[in-house]
Amino acid sequence: LRAGGTAPAMLNAANEVAVAAFLDRKISFPAIARVIEQVMEKLTVKEARAMEDIFAADEAARVAARELISS
């Protein structure tokens, strides 16, 4: 979160997808942290100049998390 920019949106989106997958019994509880970590490593944190930047980062993190979970 110290990175600022789009990082908080990415972290939150990845967490929401991972927790939903856990509740649906698709991943284990410890896998939640791994999914979030991998999403944050995969995507680039950018400066958030407009709300569109936040929305794009949120969507990219959700897509990346779903891909990790389904693989």
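That block above? That's the structure.
Every value quoted in this text rests on a predicted model; they were computed, and no experiment measured them.

Asks: Explanation requested: the nonpolar core in the structure shown.
Replies: Taken as a class, soluble globular proteins show a tendency for nonpolar side chains to be buried jointly. Ile27, Val35, Val39 and Ile69 are the most contacted members of the largest nonpolar core, which totals 17 residues. Per element, the largest residue contribution to this core is six residues, and it comes from helix H1 (residues 7-23). When near neighbours in sequence (up to four residues on either side) are disregarded, Val35 contacts Ala18, Ile27, Ala65, Leu68 and Ile69.

Asks: Hey, could you run me through the packing of aromatic side chains in this one?
Replies: For any pair of aromatic rings, the description rests on two quantities: the centre-to-centre distance and the angle between the ring planes. Following the criterion strictly, the structure yields one aromatic pair and no others. Considering the side-chain rings of Phe22 and Phe29, the 5.5 Å spacing of their centres and the 70° angle between planes classify their relative orientation as edge-to-face. You can call Phe22 partly exposed: its relative accessible area is 29%. Take Phe29: its relative accessible area is 58%, and that puts it in the exposed class.

Asks: Would you take a moment to explain the packing of H1 against helix H3 (residues 51-70) for this structure?
Replies: In a packed pair of helices, the relevant descriptors are the angle between the two axes and the axis-to-axis distance. At a minimum axis separation of 8 Å, H1 and H3 run at an interaxial angle of 35°. Crossing of H1 over H3 shows right-handed handedness. Contact with H1, carried on its side by Ala9, Met10, Ala13, Ala14, Glu16, Val17, Ala18 and Ala21, involves Ile54, Ala57, Asp58, Ala61, Arg62, Ala65, Arg66 and Ile69 of H3 and no other residues of that element.

Asks: Quick question: what am I supposed to make of the side chain of Thr6 here?
Replies: Counting through the fold element by element, Thr6 comes out in the segment before H1. You can call Thr6 buried: its relative accessible area is 3%. Those residues in contact with Thr6, other than ones at most four positions away along the chain, are Thr44, Val45, Lys46, Glu47, Ala48, Asp53 and Ala57.

Conventions and cut-offs
Residues numbered from 1 in each chain as written. Predicted model: local features only at pLDDT ≥ 70, side-chain atom pairs only at ≥ 80, totals over all residues. Heavy atoms only, no water. Core = buried A, V, L, I, M, F, W, Y, C linked by side-chain atoms within 4.5 Å. Buried < 20%, exposed > 50% of the residue type's maximum accessible area, 1.4 Å probe, protein only. Helix = DSSP H or I, 4+ residues; strand = E, 2+ residues; numbered from the N terminus. Contact = heavy atoms within 4.5 Å. Phe/Tyr/Trp six-rings, centres within 6.5 Å; stacked < 30°, edge-to-face > 60°. Axes fitted to C-alpha atoms, helices over the stretch in contact; angles between N-to-C directions. Left-handed = near helix turned anticlockwise from the far one by under 90°.

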